[in-house]
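Structure assessment
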Amino acid sequence: MHKRKTAHEVALLTALAMLAGTTAQARTAQGGGNAVAVQRGAGVAIEAARAPAGVRLRRTADGIVHVRAPDWRGLGLGAGYAQAQDALCTLADAFVTFEGKRSYFFGPQGRPEHDSTFGRAPNLELDVFFRSEADDALVKRYRTSQPEQLQQMVDGYAAGYNRYLSEARRERAPATRRVARAAPACLTQPWIREITAADIYRRMYAANIAGGYARFIPEMARAAPALAPASTSTSGPAQILAAPDQGRIAPVLAQRLSHPLGEHAGLGSNMLAFGRQASGADGVLLGNPHWYWGGPDRFYQMQLTIPGQIDVAGVAFLGIPVVMIGFNAQIAWSHTVSAARRFGLFELTLDPADPTRYLVEGQSEAMQTREIVVPLADGGSVRRVQYRSRYGPLLDLGGHHPAFGWGAQRALALRDINSENFRIFSNFLDWGKAASLDEFMAIQQRGTATPWVNTAAIGRGDARVWYADMGNVPNVPDALRADCAGSLAPYFAKVDTLTPLLDGSRAACAWRSDAGSRQSGALAAPAMPHLLVESYVANMNDSYWLAQPAMPLEGYPLTLGGERHALSPRARYGHALAAALMQGQAGRPAVLAQRLMHAALEPRNEAARLFKQPLLDQACGDLQLRQACGVLRKWSGSANPDDRGALLWDYFWAELDAIPDAQLYAVPFAAAAPLDTPSGIRAGEARVGKALQAAVAIFAQKGWALDAPLRSQLTVRSGARTLPLFGGCHGAGYFTVACQPHGGYAMSPDAHGNSYLQVVYFDADGVRAHTLLAHGQGETALAGGAGGAAIRRYARKDWLRFPFTEREIVRAAGTTQVLAAPY
């Protein structure tokens, strides 16, 4: 039914399509060295017939790049070249980090400029960590674990990056200056260098460990044995941890671990997939990651094509040559951050004679030691010794509470299941080639490779939708957790109930390895949550439990995220939205997709819908709050630019967060009614009125009107313009997220929120995808530089119909750049 066209037919169709589009406005492409520019427009050579052989980079609306190559190395070359064009400075800075040379170039006490999954620890600590964990031996293991195709892509990516860097330097030289785009601001900095494939493997490793080691880099880099001998310290955990309020143990650490990734709450995503019961036919998918707007982990949008071998579109982190969220002609998928723990702790009982030895079954074992040397710009260096046990590296959480530090009697070791998971990006590559939903599922079940995400997927001609929290997860049955609880475990459970802390003095307390596990200590695929249904599946960063509320997933180990607990307001909204779309009986995937696109960008506040009225009933007896109450009563519960009351609600809800749930809600959470509880507000709760008073006082201090419209604060720069945006923070109850965690509302590279959005379905003509990239492709887009078109599109909620087929790309391409051989 889908006859493959010959090369001659493709060339002829391409030529005809370009002739049909000759009235389109031509734009000049940069073409230095071996790069050849091909313009569209009247009298211009037809691309397919006359462009030199090589790797083609076509740019369509909003700077989206479509890479078409004859082989895998060429495909990587195009991805590396394009990403360097758009984000050279961000990439180069990241490669300095992964190499462990931040202290040399930026000083040991400096910090990264932007947020990322590995945080903003001091440069020295980042250097110690990456030099210890991402060394040459790690790179070798990573590379040899990859299939030949991916090795070629990685090699090509490095070559493409270097080609662009060479051309940019040459174009900047006074004798040859003829630059079509502004030169990167960092081009002459000493930390800009050519890269090798090793830099890409280190970058991949940094993505591996985002849900594990990356959460503890300072505590790992600083870990050192106690100076005092064992005889001088006899206090046990019970004595050290004795306090009137045990619930406040290590509050900063508890807050960090309350969200599974990064340093700020709200990183995550929404994803919904609808099957035949909603669409009347094939599946429809919404992918809506809430992710970084800047820094090394932000998304880059691209299409990667080798005719007859792969044709996939979507996004990847900067520095990654494969699509991580996206679609091809037969399948589409998305991810959300999983609630599962991808790491665990082991309590080491130290040898009384030596705090760098520990006991296992009564026998003393020496820790492995390694000296890490961090070079400094003045020619000096800093030396640190890193320690490792049979379970993993040592870390010192004593800065959060003395009981969790490296003392004279005990210490903690950390194991990250993904530190040895070299299957992640070959899994993404295989998904990009998948020809059906069944093949997609088989790849996931066979590899269990995804590092720290849930997955939802749909397939062409398939009425079903797939959900799985199936990846690389520690195999820690609840019985093992109970049997192997050491002296610290009950106290650490007050910090985080999900992280396993096992007794390292007993060999039997190591993570289990079952038949079918792809990796030592990891769960096998059948033991992880998954669903295949024709209704819908959804996840908004709560656990797997209610991916489909009519079919709760239960009976899994606590390490996977837990069950029967209250959903966030964002998750409750997502399920309410899905239920409404199911009841609407859209009848056609195209109709359902349109409704889903509208709903995804309608910034409703679910917390306000559920609780605003009872909260005002409690607070508004105070005459001093009459104006504030009037503003909130008139507010629609939406956060569009002209809405008045959204700002006041943000501060009111934040103040309410200090009231424990058990004391705030009239009806507590009930597992039997998870979509409807908690509900109501307890009568006579005086702190509600005080919370609104506090919010009003903050507005007075800032000089803001209580009814100030959202557009007065929530903005983004695009070129010379400042645009109003919509949405709000996850913590305030919004499904549509736009959040500045560092204070204020202006969206910047330090913000997170809606990033890449896709709504995908299939019809008789193939894949139909609509996308948005809220922060734009270019690294300077949010500072008024190139790439602002995508930001403006997002601000006006104007979904882009993605040009996927060759005919569509030729018609839509504004510029074509050919990277000629050799490469």
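Residues numbered from 1 in each chain as written. Predicted model: local features only at pLDDT ≥ 70, side-chain atom pairs only at ≥ 80, totals over all residues. Heavy atoms only, no water.

Quick look at unusual backbone geometry
To keep things clear, this is the line we draw: Helix numbering and strand numbering both begin at the N terminus, where a helix is a DSSP run of H or I of at least 4 residues and a strand a DSSP run of E of at least 2. Under the scheme applied here, a residue whose accessible area is under 20% of the maximum for its type counts as buried, over 50% as exposed, and between as partly exposed, the area being computed with a 1.4 Å probe on protein chains only.
In this model, Thr677 is joined to Pro678 through a cis peptide bond whose omega is 0°. Structurally, Pro678 can be placed in the loop between β22 (665-667) and β23 (679-681). With phi around 65°, Asp62 is a residue other than glycine that occupies positive phi space. Summarising the element assignment, Asp62 is placed in the loop between β2 (54-59) and β3 (65-68). Overall, the relative accessible area of 17% leaves Asp62 in the buried class. Phi at Asn541 takes a positive value of approximately 80°, unusual for a residue other than glycine.

Some details on the state of the cysteines
Test applied: Any pair of cysteine sulfurs within 2.5 Å is marked as a disulfide.
Across all of its chains, the model carries four disulfides by this definition. Paired by a disulfide, Cys484 and Cys509 hold their sulfur atoms 2.1 Å apart. Between Cys484 and Cys509, the S-S dihedral sits near -90°, and the bridge is therefore left-handed. Of the two residues, Cys484 is situated in the loop between α15 (478-483) and α16 (489-495) and Cys509 in the loop between β19 (501-503) and β20 (530-533); the sequence distance between them amounts to 25 residues.

Quick look at the pairing of strand β25 (residues 721-724)
Condition: Strand pairing requires that DSSP identify at least two bridges connecting the strands.
Where strand β24 (residues 715-718) and β25 come together, four bridges link them in antiparallel fashion. Among the inter-strand pairings, Ser718 is bridged to a residue of β25, identified as Arg721. With antiparallel pairing between neighbouring strands as the criterion, β24 and β25 make up a hairpin whose turn holds two residues, including Gly719 at a positive phi of roughly 65°.

Brief notes about the packing of helix α20 (residues 626-634) against helix α21 (residues 646-656)
The test is simple: Axis definition: a line fitted to C-alpha atoms, limited for helices to the stretch in contact. Angles are taken between N-to-C directions and run from 0 to 180 degrees. Any angle that falls under 35 degrees is termed roughly parallel, while one over 145 is termed roughly antiparallel, one within 65 to 115 roughly perpendicular, and all others oblique. Less than a right angle of anticlockwise turn of the near helix away from the far helix marks a crossing as left-handed, whereas a clockwise turn marks it as right-handed. In this analysis, two residues are considered to be in contact whenever any of their non-hydrogen atoms come within 4.5 Å of each other. Note on residue categories: nonpolar means Ala, Val, Leu, Ile, Met, Phe, Trp, Tyr, Cys or Pro, charged means Asp, Glu, Lys or Arg, and polar means any other residue, Gly included.
It is at 9 Å that the axes of α20 and α21 come closest, and there the two elements cross at 110°. One finds that α20 runs roughly perpendicular with respect to α21. Every pair of crossing elements has a handedness; the one defined by α20 and α21 is left-handed. Residues Ala628, Val631 and Leu632 of α20 form the contact with α21, whose own contacting residues are Leu648, Trp649 and Phe652. For the contact of α20 with α21, a count of residues per class yields six nonpolar, no polar and no charged.

Considerations on the side chain of Gln83
Its place among the elements puts Gln83 in helix α3 (residues 72-99). Excluding residues within four positions of it along the chain, Gln83 makes contact with Leu88, Leu91, Tyr157, Tyr300, Met302, Phe317, Leu318, Gly319 and Ile320.

As for the nonpolar core
For clarity, the cut-off: Here, the term nonpolar core denotes a set of buried Ala, Val, Leu, Ile, Met, Phe, Trp, Tyr and Cys residues that are joined through side-chain atoms within 4.5 Å.
Ranked by size, the top nonpolar core spans 150 residues in total, and within it Phe327, Phe404 and Phe425 carry the most contacts. At 16 residues, the largest contribution of residues to this core is made by α3. Ignoring any residue separated from it by four or fewer positions in sequence, one finds Phe425 in contact with Tyr142, Leu150, Met204, Ala207, Asn208, Ile320, Val322 and Met324.

Brief notes about the side chain of Arg410
Heads up, the condition is: Whenever two N or O atoms come within 3.5 Å, that pair is a polar contact, provided that in protein one can donate a hydrogen and the other can accept it, and provided that, for residues adjacent in sequence, both atoms are side-chain atoms.
With respect to the element layout, Arg410 can be found in strand β16 (residues 410-416). On the basis of relative accessibility, which here comes to 15%, the residue Arg410 falls in the buried class. A distance of 3.3 Å separates a polar atom in the side chain of Arg410 from a polar atom in the side chain of Gln409.

Quick notes on the pairing of strand β11 (residues 354-360)
Along a regular strand, successive side chains alternate from one face of the sheet to the other. Of the pairings in the sheet, the one linking strand β10 (residues 343-351) to β11 comprises two bridges and is antiparallel in character. Paired with Leu350 across the strands is Tyr358, a residue of β11. When β11 meets strand β12 (residues 363-366), the two strands line up antiparallel, connected through four bridges. What sits directly across from Leu359, in β12, is Ser364. Connecting β11 to the antiparallel partner β12 that follows it, the hairpin turn spans two residues, and Glu361 within it adopts a positive phi of roughly 55°.

Things to note about the packing of α3 against helix α7 (residues 148-172)
The N-to-C vectors of α3 and α7 enclose an angle of 55°; their axes lie 6 Å apart at closest approach. Our classification of the angle between α3 and α7 gives oblique. Judged by the twist between their axes, the crossing of α3 over α7 is right-handed. When the residues that make up the contact of α3 with α7 are grouped by side-chain class, the tally is 16 nonpolar, eight polar and four charged.

Brief notes about the confidence of the model for the protein
Counted only if it meets this: You can read pLDDT as the predictor saying how much it trusts each residue, on a scale of 0 to 100.
Of the residues in the protein, 90% reach a pLDDT of 70 or more, and the chain-wide mean stands at 91. For residues 38-51, every residue scores under 50 in pLDDT, and the model assigns this stretch 34 contacts once sequence neighbours within four places are set aside.

So, the pattern of salt bridges
The line we're drawing: When a carboxyl oxygen of Asp or Glu lies within 4 Å of a side-chain nitrogen of Lys or Arg, that pair is called a salt bridge.
Applying the stated criterion across every chain yields a total of 35 salt bridges. A salt bridge links Asp115 to Arg120; its shortest N-O distance comes to 3.2 Å. Using a relative accessible area of 5% as the deciding quantity, one classes Asp115 as buried. Notably, a salt bridge pairs Arg464 with Asp462, separated by 2.8 Å at the nearest N-O pair. For Arg464, a relative accessible area of 22% corresponds to the partly exposed category. In this structure, a network of salt bridges that share partners links the residues Asp62, Arg793, Arg796 and Asp798.

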